[in-house]
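These are the residues of each chain, in order.
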Amino acid sequence: MPTYKIRGIDVDFPFEAYDCQLVYMEKVIQSLQNKCNALLESPTGTGKTLCLLCAALAWRKSLGAFSRGRSERSKVRGSQGDDEFSQTQSSEFPRIIYTSRTHSQIRQVIQELKRSNYRPKTVVLGSREQLCINDQVRSLRGKAQTNACHALCRKRSKRYCSHFSRVTEFVKKNPGIGDDPIDIEDLVNIGRSSGPCPYYLSRDLHKDVDILFAPYNYLIDRGNRKSLKIDWQNSILIFDEAHNLEGLCADAASFDLPASLLTACISEAQKCIDLSITRRDESSDKSCNPDNFAILRALLLKLEKRIAEVPIESKELGFTKPGPYIYQLLSELNITQETADMLTDIIEKACVLLEEDANGSDSGGTNKSNGTYFRLESMGDILNMIFRDNSNAHAQYYRVHVHEVEATDSFRGKTSRTLSWWCFNPGVALEEFSRLGVGSIILTSGTLSPMDSFAEELKLEFPILLENPHVISGNQIWAGVAPAGPSGYCFNSSYRNRGSIEYKSELGNAIVNFARIVPDGLLVFFPSYYLLEQCINCWKTTGQQNLTNSTTIWERICKHKLPVVEPRQSSLFPTAIEDYMTKLNETSSSGAVFFAVCRGKVSEGLDFADRAGRAVVITGLPFSTMTDPKVRLKREYLDLQSQKFGNKGLTGEEWYTQQASRAVNQAVGRVIRHKHDYGAIIFCDERFTNLNRQAQISLWIRPHVKCYSKFGDIVYTLTRFFRDGGARVPPKLELTQNEDSESVRGLESSQPLEKYHPEKLLLPQIKIEPSCSLDTSSSTKQVKQNSIFSLWREVVPANRSSLTSDKISQDSFLRCSSDLRTMKEPSISGKGSSQDFDGENSDLAASSILKKRRLLITGPDQSKHHEKSDHNVSNLAKKKSFGFTENVSIQNPLERVVLLDDEIVTENGTVAHNIREHKDVLSQSVLNNKEETKGSAFLTQVREKLTDAEYKEFVGFMKALKSKAMKIGHVLQSIARLFSVPDRRPLLHGFKDYVPTKYHSLYEHYLCNKSDAADI
């Protein structure tokens, strides 16, 4: 496992790192060392999560060893008690709290941790919905589930939960739990096999771990945060997939009180009065005073009446006041800072009383509900939010708003009112961390752009900012703006234009073309569900113009791809995804098209890698509805704040446009998901031609965006892009950073033995003199991003150049040969840029700039091209005075090798001189006839000497070495063990020829040991 020294910290990384990964880890460590915040964007597929874990844990490990077993802090806490310990503890080392949006994302993060070399003490916090194993509770949801759990965990309960009672004893007997990464499934399995409650087990373990994994709401929600026994001093907070964090923070600090909720609270208060009177009369139980519940009910009635009296002059505008007005409104009801605590206590007692009645725990009745959610609990949360910290300073970031909505069901035709208290400063939810002494807050995602508005919104200082490039090369992405459609009608999805039949028809005809050109999966994103439905309805009734009996646009789309439409209802979404994947694999069609909405579920976090998403079409800018009261008030709030500070900061208009751009970036990020993926991004709106608009697109896409004045040019270039798609990237013959590393056994079982082609791994090592190497100082980054894995020549990073596999090299040589034959023809773009493809860009430019000479292997299918290309290369060498070797076949007489030396031949036939400009022509024979068959002969000997099981094991070790699934020392030692039998000693010594030179000394060490053992 490679180790990198970054800012003085040794970071173990499971792969050879890309440049962008090293930069990312450097920024993480810089943030931790300087105790400052960081905002880091890195596209999906760049190994962001793994880099974040390795960098953060390497820094933590540099401070001291990870906790193992039950830590000393746990012993101290056990003797002092939780409350005393929470006040006096001072953790020797900072704890890392790693959060993400969903449990499934956290599961993926833990899998990444398992791939690393770090083993901190860990635990993951989850909800009861994820962790509960009690049959009576796990079927419930929300607060009903929480209430049922609390009821069963009370010792006086007749149905006391046996799982809860086993937690303490289990933790004592298993101090090593959490020493290896565990996720939610592991906790549930422990509970089912050993008995302890997984939910409370994780709650017990989290007090003593090095790194804690949890969903966002465990930190954002004040109630959840207070329930955690964490020493926040100098701790590290990591928010992964943080692109929606600002919205979540604002929502967590806001509330809406509709009339229906208030009515339900009044009914529950009345029920509490009745229950307390009944108890007092029947059993002389005076624990619950009905007068308190009467006061609660009276206050709620007054609040309902006060909201109804609020003057609303305009239904569209509603009634709006500054945030502090909420205190004035409540003070009229005698609800103040002093009385609020008393009121919340009454609400808590009311909820307990209602729960006891629902469960029938006192009366012994048969009405035993499995838990009920009480509306009064929401009222208690609202009061706690308003009167938090015994202060009203935070109210300046709020607005009070009352608006009318149409009632539903039996009250249809009538209006009801909703009281809202909206927070417009998301930083309110995070500001407490500064007071708690948190060391660093790191926010990261694949789509944070535009980053300036993101940082401004959270009101946090982010001294460290990073917008990382992608690991893909320029010829793996096509990005273009289509300002007009096939007939020249402009694309503009603004409110004034999107309703016209011409716009919808033009967009539909364009999508017909894209469905025809793009292979496999196509994603089409609309600004809203309304526009999506309007367009589809139009396409189903509109045919081609000037044609009789023509098919509709929708039928023409379906002719090329089977359609799936994103549903509005969340419950139907899993079915839609399943339908899309089924249609994608239909052999009767050329793929599927998914019509979806920006900010919808399809655009959030789903992975449409490879065939699932070859192109994404953005049909417009997803602006929020300007008349929405929350959007309107947010814009007004930001404008006032900007004026207040001398026109500094984010304005309402800037926020409005950047929110739309961020939604576009999020949708675009569904495609091109890893290093070997490729795809197209098509912006069908003329507004994307604006440079300011393009500046808000994610950095990794921005350099590749081109604007096309004619739709025909888009069709032409897009067709060529996908025509060469298979030759553009290597097939997945190896395990990459985006795939799970497997053991040798896993490799053996993953595919038949005959598919390994082990003879391709046994190529003699070619020694190249240092004087022959190229100076690549100016091209290092480009090489790292564009070249491919080595098969065996040397153990190299995933992004370095080396001997290619047959198919890739055949394709590369074919393109190179073709360009050499037509070297005098100008490129299409006329720029000769290495970023273009097929004459616009060179596929080989980057891969030709090597530290060592490059072997390009061609296969038997290109035998006719070899004769022509050999002649062209030879003539080119004579004209330009650069050396090359004679073409010699390897293993197959039809396979040929060309060695390009001091100069770089680009695809359009130009020759770039090496900076060093060798004066002498270097030409030598790389492989003689004896070396051609040496690998095959050695492999034949291995096959004869080893048993079938040993040979299979040998092949597995070779694959593990190539994929770096095992350390090279272990692989070489294992192979030497196989050859240590006396009659295999020739193999033991002969195998050295196939070991990279830099590992010769290591292999000789094992060779000597095995030889001595064999002699004995």
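The shown structure was predicted, so the numbers you read here are calculated from the model rather than taken from an experiment.

Criteria and cut-off values
Residues numbered from 1 in each chain as written. Predicted model: local features only at pLDDT ≥ 70, side-chain atom pairs only at ≥ 80, totals over all residues. Heavy atoms only, no water. Helix = DSSP H or I, 4+ residues; strand = E, 2+ residues; numbered from the N terminus. Buried < 20%, exposed > 50% of the residue type's maximum accessible area, 1.4 Å probe, protein only. Contact = heavy atoms within 4.5 Å. Areas by Shrake-Rupley, 256 points an atom, 1.4 Å probe, with all protein chains shown as cover. Salt bridge = Lys/Arg side-chain N within 4 Å of Asp/Glu carboxyl O. Core = buried A, V, L, I, M, F, W, Y, C linked by side-chain atoms within 4.5 Å. Phe/Tyr/Trp six-rings, centres within 6.5 Å; stacked < 30°, edge-to-face > 60°. Lys NZ or Arg CZ within 6 Å of the ring centre and 35° of its normal. Expected span 1.5 Å × (residues − 1). Arc of directions from axis to C-beta. Pairing = 2+ DSSP bridges. Axes fitted to C-alpha atoms, helices over the stretch in contact; angles between N-to-C directions. Polar contact = N/O pair within 3.5 Å; in protein donor to acceptor, adjacent residues only side chain to side chain. Parallel < 35°, antiparallel > 145°, perpendicular 65-115°, else oblique. Left-handed = near helix turned anticlockwise from the far one by under 90°. Nonpolar A, V, L, I, M, F, W, Y, C, P; charged D, E, K, R; others polar. pLDDT = per-residue confidence, 0-100. Disulfide = S-S within 2.5 Å.

Draft legend 1. Structural detail: the overall build of the protein. Summing up its helical and strand segments, the protein has 41 helices and 24 strands in all. Expressed as a percentage of the 1016 residues in the protein, the buried residues total 57%. In the protein, once contacts between residues fewer than 6 apart in sequence are set aside, the share between residues at least 24 apart is 76%. Working note: accessible area of the protein is about 44300 Å², and carbon and sulfur atoms make up 49% of it.

Draft legend 2. View of the pattern of salt bridges. Enumeration over the complete set of coordinates arrives at 32 salt bridges. Here glutamate 332 ties to arginine 306 by a salt bridge, and the two come within 2.5 Å at their closest N and O atoms. Of the two residues, glutamate 332 is situated in the loop between helix H17 (325-331) and helix H18 (337-359) and arginine 306 in helix H16 (residues 290-309); the sequence distance between them amounts to 26 residues. Assessed through its relative accessible area of 44%, glutamate 332 is described here as partly exposed. For arginine 306, a relative accessible area of 17% gives the class buried.

Draft legend 3. Spatial organisation of the nonpolar core. Counting residues in each nonpolar core, the largest one holds 97 residues, and the members touching the most others are Phe213, Phe239, Leu245 and Leu443. The dominant element in this core, judged by the number of residues it contributes, is helix H2 (residues 48-63), at ten residues. Ignoring any residue separated from it by four or fewer positions in sequence, one finds leucine 443 in contact with Ala38, Leu39, Leu40, Phe239, Ala242, Leu245, Leu448, Phe454, Leu458 and Phe462.

Draft legend 4. Here's a closer look at the packing of aromatic side chains. Under the defined criterion, the tally for this structure stands at 31 aromatic pairs. Among the aromatic residues, ring-to-ring pairing joins Phe255, Tyr327, Phe387, Tyr398 and Trp421 into one connected group. The ring of tryptophan 554 has lysine 540 sitting right over it, with the charged end atom 5.2 Å from the ring centre.

Draft legend 5. Representation of helix H25 (residues 573-584) in the model. Spanning twelve residues, H25 covers 17 Å between terminal C-alpha atoms, matching the ideal 16 Å at 1.5 Å per step. Every buried residue of H25 is listed here: Phe573, Ala576, Tyr580 and Leu584. Viewed along the axis of H25, the buried residues span an arc of 70°, placing them on a single side of the element. For H25, exposure combined with an orientation more than 90 degrees from the buried face picks out Pro574, Thr575 and Glu578.

Draft legend 6. Fine view of the pairing of strand S15 (residues 520-526). With respect to burial, S15 is a largely interior element, seven of its seven residues being buried. Looking at chain direction, S15 and strand S17 (residues 591-597) are connected through seven bridges and run parallel. Bridge assignment links leucine 523 to a residue of S17, and that residue is phenylalanine 594.

Draft legend 7. Quick look at the environment of threonine 344. Along the polypeptide, threonine 344 turns up in helix H18. As a C-alpha pair, threonine 344 and isoleucine 382 span 38 residues in sequence and 9.7 Å in three-dimensional space. In contact with threonine 344, other than residues within four places in its own chain, are Gly380, Leu383 and Asn384.

Draft legend 8. Expanded view of the sheet that holds strand S5 (residues 122-124). With parallel pairing, seven strands are arranged side by side in an open sheet as S5-S6-S4-S7-S12-S3-S13. Both outer strands of the open sheet, S5 and strand S13 (464-467), are each paired with one neighbouring strand and no more. This sheet shows a mean twist of 15° between the axes of neighbouring strands, independent of strand direction. Pairing geometry for strand S3 (residues 38-41) and strand S12 (residues 440-445), over four bridges, is parallel. In the sheet register, alanine 38 faces S12, and the bridge partner there is isoleucine 442. Sheet contacts for helix H5 (residues 103-115): strand S4 (96-100), S5 and strand S6 (211-215); angle to S6, the most-contacted strand, approximately 155°.

Draft legend 9. Region of the structure containing the side chain of histidine 401. For histidine 401, the location among the structural elements is in strand S10 (residues 398-406). Judged by relative accessible area, histidine 401 falls into the buried class, the value being 0%. For histidine 401, the side chain forms a polar contact with the side chain of threonine 320, separated by 2.9 Å. Setting aside chain neighbours within four positions, we find histidine 401 in contact with Leu317, Gly318, Phe319, Thr320, Thr418, Leu419, Ser420, Trp422, Pro629, Arg632 and Leu633.

Draft legend 10. Quick look at the packing of H2 against H5. H5 packs onto H2 with a crossing angle of 60° between their chain directions and a minimal axis gap of 9 Å. Between H2 and H5, the interaxial angle falls into the category oblique. As H2 runs across H5, the sense of the crossing is right-handed. Mapping the contact onto sequence places Thr49, Leu50, Leu53 and Leu57 in H2 and Val109, Glu112 and Leu113 in H5. Of the residues that constitute the contact of H2 with H5, the class distribution is five nonpolar, one polar and one charged.

Draft legend 11. View of the side chain of threonine 447. Within the fold, threonine 447 resides in the loop between S12 and helix H21 (451-458). At 2.2 Å, the side chain of threonine 447 and the side chain of glutamine 666 are in polar contact. When near neighbours in sequence (up to four residues on either side) are disregarded, threonine 447 contacts Glu41, His243, Arg662, Asn665, Gln666 and Ser698.

Draft legend 12. Focus on the confidence of the model for the protein. Taken over all residues, the pLDDT of the protein has a mean of 76, while the share at 70 or more is 72%. Averaged pLDDT values over the elements of the protein bottom out at 29 in strand S23 (residues 903-905) and peak at 97 in strand S18 (residues 615-618). Confidence over residues 361-371 falls short of pLDDT 50; this stretch has 23 contacts with residues more than four positions distant or in other chains. Segment residues 732-761: pLDDT under 50, and 68 contacts once partners within four positions in sequence are set aside and those in other chains are kept.

Draft legend 13. Layout of helix H11 (residues 198-205). Burial analysis of H11 places eight of its eight residues in the buried class, which makes it a mostly covered element. When we look at burial in H11, the residues that qualify are Pro198, Tyr199, Tyr200, Leu201, Ser202, Arg203, Asp204 and Leu205.

Draft legend 14. Layout of unusual backbone geometry. Note the cis peptide between serine 449 and proline 450, where omega equals -5°. Along the chain, the position of proline 450 falls in the loop between S12 and H21. Even without a glycine there, the phi angle at arginine 7 is positive, about 50°. Backbone geometry places lysine 35, a non-glycine residue, at a positive phi of 50°.

Draft legend 15. Broad picture of the pairing of S3. Here S3 shows no split at all, with Ala38 and Leu40 on one side and Leu39 and Glu41 on the other all buried. With four bridges joining them, S3 and S13 adopt parallel strand pairing. Note that in S13 the partner of leucine 39 across the bridge is leucine 465.

Draft legend 16. Expanded view of the sheet that holds strand S20 (residues 705-707). Strand order in the open sheet formed by seven strands is S16-S17-S15-S18-S19-S14-S20, with parallel pairing between adjacent strands. Unpaired on one side and paired on the other, strand S16 (562-565) and S20 mark the two borders of the sheet. Adjacent strand axes in the sheet meet at a mean angle of 20°, parallel and antiparallel pairs treated alike. With four bridges joining them, S16 and S17 adopt parallel strand pairing. Looking at S17, one finds that leucine 562 is bridged to alanine 592. Against the sheet, helix H23 (residues 529-539) touches S15, S16 and S17, its axis set at about 135° to S17. Helix-sheet contacts for helix H29 (residues 711-723) involve strand S14 (477-481), S18 and strand S19 (679-683), and the interaxial angle to S14 is about 170°.

Draft legend 17. Spatial organisation of the state of the cysteines. As enumerated under the stated definition, the model contains zero disulfides in all. Looking at the unpaired cysteine 423, the closest cysteine sulfur is the one in cysteine 249, lying at 8.9 Å.

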